[in-house]
Every structure is written in C-alpha cells, then in structure tokens.
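Descriptive analysis of the structure
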Amino acid sequence: MALAPVDYIILSLYFAFVLGIGWLTRRRVSTSSDFLTSGRSVPVWITSLAFIAANLGAQEVIGMCASGAKYGIMTAHFYWIGAIPAMLFVGVFMMPFYYGSRARSVPEYLRLRFDEKTRTLNAITFAVMTIFSSGISMYALGLLFQLVLHWSFTASVLLSAAIVLVYTFLGGLTSAIYNEVLQFFLIVLGFAPLAILAVLKAGGWSGMASRIPPVMTHTWSQVRHASENPMGVEAFGLIAGLGFVLSFGYWCTDFLVVQRAMAADSMSAARRTPLIAAFPKMIMPFIVIVPGIAAVALSRMSLGYAIPAKAGGGLDYDQALTTLMAQFYPSGMLGLGLTALMASFMSGMAGNVTAFNTVWTYDLYQGHIRKGAPDSHYLWVGRVTTVAGVTLSVATAYLATHFNNIMDFLQLVFGFVNAPLFATFLLGMFWKRTTGHGAFTGLLAGTAAAAATHGLTLAENKGGWLGTVVHTFPSTMAQNFWIAIFAWSACFLVTILASLASTPKASSELHNLVYGLTDIPHDSGMPWYKRPAPLALAVIAAVVLLNLLFA
C-alpha cells in the first residue's frame, strides 16, 4: 500500500487536531472528578455520539468487517438484536439508578447497592477486561501500521500506544469524549465510501449475492439449525446468548460505555444518551460489515483481490478491511480511510484507558490502598494509572495474534465478565431482597461456569483445556454464546439462593438504588424527542423494519 503526499497531509492534520483537543481540554482539569468523570457537565448530543463511538474501536471496525467476511450479514445481529434492545433498556430503566445514586463508576454502584467485596470483585475483573480490550485495539492498529508503513509489529504497537497516551494524559475523560465525537464522523466518512465502492465493484447487491452462499445475505432464514449457517448457532443460542446475555451484559453494565452517559449534564440527558445513540448504531452494519461481505465476493472475481492467508492456516479475515482499502481506494480517499482506521483505534483505546483509570483510582486505590488523601493526590494517581494502563495494554496486544477473528476473542472475554455481571445487576436493581453475599457468590459462580464451559467444550481448536471434551461447537462464536448463557444462568440462580439465605439491606439504605425506591423525574411536559419513552418506541419501529428487510 503506497501513500501519496495528500494521504500524509490528511493523517498529519488529524493528529494535530487530536492533540489540540487534548491540549485545550487540559485547562478544564483541576480535580480528580474533572479528569476521571468530566464533572457531569457534557451536553447530551456529545455524550450520545461518544456513547456509540466508545464502542467503535478498532476491534469493532476491523473485527466486524472480518466477521462479515466470515459469517455474512448475520453479523448484523450484533447490532440489531445484540445492541439496540439493550441500549433501550439501559436508557429507560437502568440509567436512573446509575445517575441517581451519584456513583462515580459501575463498581461504586455495586458498593452502594451491595457491599465492598462485590465492588472489589467487579473492579478487578473489569480492569482486567479493559486491558484486554485495549490490547486488542492496539493489535489492530499495529497490523495497520505493519501493512501500510511496513514496520515491525512491535514498533507499530509501541507507536500506536504513544499516540493515544498523550491526549488521554492531558485532558482525561473530557478529552476522550470530545475526540470520540470527531472520530465518529471520521469513521463514517472514511468507511461509508468503501462499502459503496466495494458493493459496486462486486456488481451491486444482487451481483455480490450471486457470488457468495445465500446464507451470507440473510439474517434469520438460516438459524433453525446450527448446521445451516456459517456462525454455527441456532435461534435460541443467538437470541439468548447474544440478544440477551452478552448484549445486555455489555451495554447495561460495562463502565466503558455507561461512563459516557454518566458524564451527561442531567438525569434526562443521561437517559436519552443511549436512545439517541441507537439511531446511528443501527446503520453501522452497512458501513463496517458490508465491506467484509463484499470482500468475499470480490475474491471470487478476476480483479486480483484476495483475502490474505493466516500464517498458521486459514484466511486472515482481520485484514479484509485494510486490503480492500489498499486495492480500491485512490489517493486522498486512502488517506481518509487510514485516518478513519486510526480514529477507530483511538476511540476504543482511549475509552478503555479512561474507564480503567477511573475504576483503579476510585474503586481500588481509594477504596483499599489509600483512603482520605487530598483530591490532588487522586488526580496524580489517575494520570499515573493512565500511563500504566497503556503499558499493560501493550502486553495483551500479542495475545490477539492467536485469533483469526478478534471479535471471537472479545466475545469470549465478555462471556466471562459481563454475562454473570448482568444477572447481578438485573436482580440488584429490580429485586430489593438481593444481598451482598448473594451478589458476590453469584458472580464467582458465573465466572466459574464460564470457565468450566470453555474448558469442557471445543470450537476451532479453542477450549477443551480441562482434558475432557463433552461437546464440540461448529464455530468459536457459537461457543462464546453458550459460555455466556451458562455464566448468566449460574450467577442468576446462585445469587437468588444465596440471597434467600442471607439478610438483605433495609429499604432506607436502598434509596435511588432499586426499582420502586428511585426518584425518576417526570418529563410529561417536554417535547417527544426529549422524552425516553417516545424515543424508545421510534427506535423499536426502525430496528424491527431492518430485521424484516434482511430476514
């Protein structure tokens, strides 16, 4: 891939703009709250775009294109049933608890609702997960630099880490949020033309569909049995594993995305943040998944294009997006596309780093290592943790090299962490009888169930590490869905049983923490677009239509 001078100019302007935002927002940072939570002062249109952009990291952009090439349009399930319903749920039902409790993080909400040990367990597992996720983003951009600049993978990873570190260190969460808004628009402008161009090169949608298996252009018609589709999953596994457990576990409990809504300037804005974000979210499959599907069709035409092979065998789907850009983007557009890729990397990397430094500083360091220190000390710890988080992410970038689809790896991590956590939140927010002992025991049981399921099953030579294989899944993704189902179920049941055997908190201690005891503002006099319920109904109508069109 050869870059023209205009491509380098576009990249340089982007880097200057990103660093400029970091330099300007540093003036707004004078306390640990400013650095780690933005002081709850960000307008709703900014938090809404940041809410979706925080999930538009390199692992999503490159990984979803890879999944499009591997699984077809079924990958859109990660959006239309694997994101939108959960985004509606967190906005309408869960955000009043998060925002109303005045918690600074999701683990801190767990401390207020349950106890210290539950918070600590979640804080540790979340911190580990963000490091893994951040490392995956770093791996993705490392591949990009290796392909474009012909640098070694190590040099590429180290450079990519330094790029993000500068602006997150300067402006903290506020810098990350405003940069995520810029990155959202760059991602759309950089990849939408590629989707259009790739489909046109393949002969339009009908021409593309004629060159690939029919199952790759349908979302629902081939899910009666696992053997009928490349994802190797049946309807129940898809709906329960992805549409319920993994989806709700991520969008409703993952502090990375919830943190953006919690930075809003009012309760109403916090509730509307994920609802407004749902509209652009539902069109993202056409921008990031369709190019992967087109890549399969193009590789079967006499155009000199092919999806690269993985060193260990099989196709390297993670390179589908970058090789498409290299072959079909002209100068100028290539620079814009590469800038969009780098923007997607920075979006995911910075999101994970800012979530990691908040959880470490407030929930682990302040909670256990040094309580009652001056606020300036916690500001300093937050900055140091930013550097440490980026450094640890470098190590995890190398683990991602063992997967031919980074989305498979990411969903496995979510199955261990987010799936059982959603069961804890569901019971904790809507059943006041849930206890701290029940929540803690349930989380341990859910994580153990995830480990046991992974260790006793096999998929694409992954898992089976307990020595006995009781079931073989047709794909890693199908295995991930069932890991999540077993993890959620175990946590849910154990939490109920342990809660019934222990003493709950008094109702007076659960104000703004449990359904029925939380102050929810009335907005009947506001326009429909400023009220959560009408917004949610509009989103539901749109996403049902999309599912019907591509069924």
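Everything below is about the structure shown above.
Overview of the structure. (Residues numbered from 1 in each chain as written. Predicted model: local features only at pLDDT ≥ 70, side-chain atom pairs only at ≥ 80, totals over all residues. Heavy atoms only, no water.)

1. Digging into the side chain of Q183
- Within the fold, Q183 resides in helix α9 (residues 153–201).
- If near-sequence neighbours (up to four positions away) are discounted, Q183 is found in contact with Y14, Y167, A343, M346 and S347. (Helix = DSSP H or I, 4+ residues; strand = E, 2+ residues; numbered from the N terminus. Contact = heavy atoms within 4.5 Å.)

2. Let's talk about the packing of helix α11 (residues 235–253) against helix α21 (residues 476–500)
- Contact pair α11 / α21: the axes reach a minimum separation of 9 Å and the direction vectors enclose 60°. By the angle between their axes, α11 is oblique relative to α21. Judged by the sense of rotation from one axis to the other, the crossing of α11 with α21 is left-handed. Counted together, F236, G237, L238, A240, G241, L242, F244, V245 and L246 of α11 and N480, F481, W482, A484, I485 and W488 of α21 form the full contact between these two elements. (Axes fitted to C-alpha atoms, helices over the stretch in contact; angles between N-to-C directions. Parallel < 35°, antiparallel > 145°, perpendicular 65-115°, else oblique. Left-handed = near helix turned anticlockwise from the far one by under 90°.)

3. Observations regarding the nonpolar core
- By size, the foremost hydrophobic cluster in this structure holds 178 residues, and its most contacted members are Y98, Y109, F191, M231, F425 and F481.
- With 17 residues, the top contributor of residues to this core is α9.
- Setting aside chain neighbours within four positions, we find F481 in contact with F78, M231, V233, G237, L238, G241, L242 and L246.
- With five residues, the next largest nonpolar core counts V29, F35, Y362 and L379 among its residues. (Core = buried A, V, L, I, M, F, W, Y, C linked by side-chain atoms within 4.5 Å. Buried < 20%, exposed > 50% of the residue type's maximum accessible area, 1.4 Å probe, protein only.)

4. Some remarks on the sheet that holds strand β1 (residues 457–459)
- Across the sheet, three strands lie side by side as β2-β1-β3; this open sheet has mixed pairing. Two strands bound the open sheet, and with one partner strand each, they are β2 (462–463) and β3 (471–472).
- Pairing between β1 and β3: two bridges, direction parallel. Each bridged residue has a counterpart across the sheet, and for T457 the counterpart in β3 is H471.
- Strands β1, β2 and β3 of the sheet are contacted by helix α20 (residues 436–456), whose axis makes an angle of about 65° with β1.
- Across the face of the sheet, α21 comes into contact with β1 and β2 while running at roughly 145° to β1. (Pairing = 2+ DSSP bridges.)

5. What to know about the packing of aromatic side chains
- Applying the stated criterion across every chain, the model contains 28 aromatic pairs.
- Taking the centre distance of 5.1 Å and the plane angle of 85° together, the rings of Y250 and W251 count as edge-to-face.
- Among the aromatic residues, those joined into a ring-pair cluster are F89, F93, F97, F244, F248, F422, F430, W488, F492 and Y515.
- Across the ring face of Y99, the terminal group of R40 is positioned such that the distance to the ring centre comes to 4.0 Å.
- Looking at R383, its charged tip hangs above the ring of F169, at a distance of 5.4 Å from the centre. (Phe/Tyr/Trp six-rings, centres within 6.5 Å; stacked < 30°, edge-to-face > 60°. Lys NZ or Arg CZ within 6 Å of the ring centre and 35° of its normal.)

6. Remarks on helix α6 (residues 84–100)
- With 17 residues, α6 extends 23 Å from end C-alpha to end C-alpha; this agrees with the ideal 24 Å at 1.5 Å per step.
- At M94, α6 shows its largest kink, close to 60°, and the proline P96 lies no more than four residues downstream.
- R102 sits one or two positions beyond α6 and adopts a positive phi of about 65°. (Expected span 1.5 Å × (residues − 1). Bend = angle between axes of the 7 residues up to and from the residue.)

7. Points about helix α16 (residues 320–328)
- The buried fraction of α16 amounts to seven of the nine residues, a majority that puts the element mostly inside the structure.
- Buried within α16 we find A320, L321, T322, T323, L324, M325 and F328.

8. Section: the state of the cysteines
- Counted according to the given criterion, the structure contains zero disulfides.
- We note that C491 lacks a disulfide partner, and the nearest cysteine sulfur, in C252, lies 15 Å from it. (Disulfide = S-S within 2.5 Å.)

9. Considerations on the environment of L246
- Relative to the helices and strands, L246 resides in helix α11.
- According to the relative accessible area criterion, L246 is buried, its value standing at 2%.
- Sequence separation between L246 and V417 is 171 residues; the distance between their C-alpha atoms is 9.7 Å.

10. Overview of unusual backbone geometry
- The phi angle at R102 is positive, at roughly 65°, despite the residue not being glycine.
- Looking at the element boundaries, R102 is found in the loop between α6 and α7 (106–113).
- Residue R102 is classed as exposed on the basis of its relative accessible area, which comes to 56%.
- We note that N512 has phi near 65°; this positive angle belongs to a residue other than glycine.
- Considering the arrangement of structural elements, one finds N512 in the loop between α21 and α22 (532–549).

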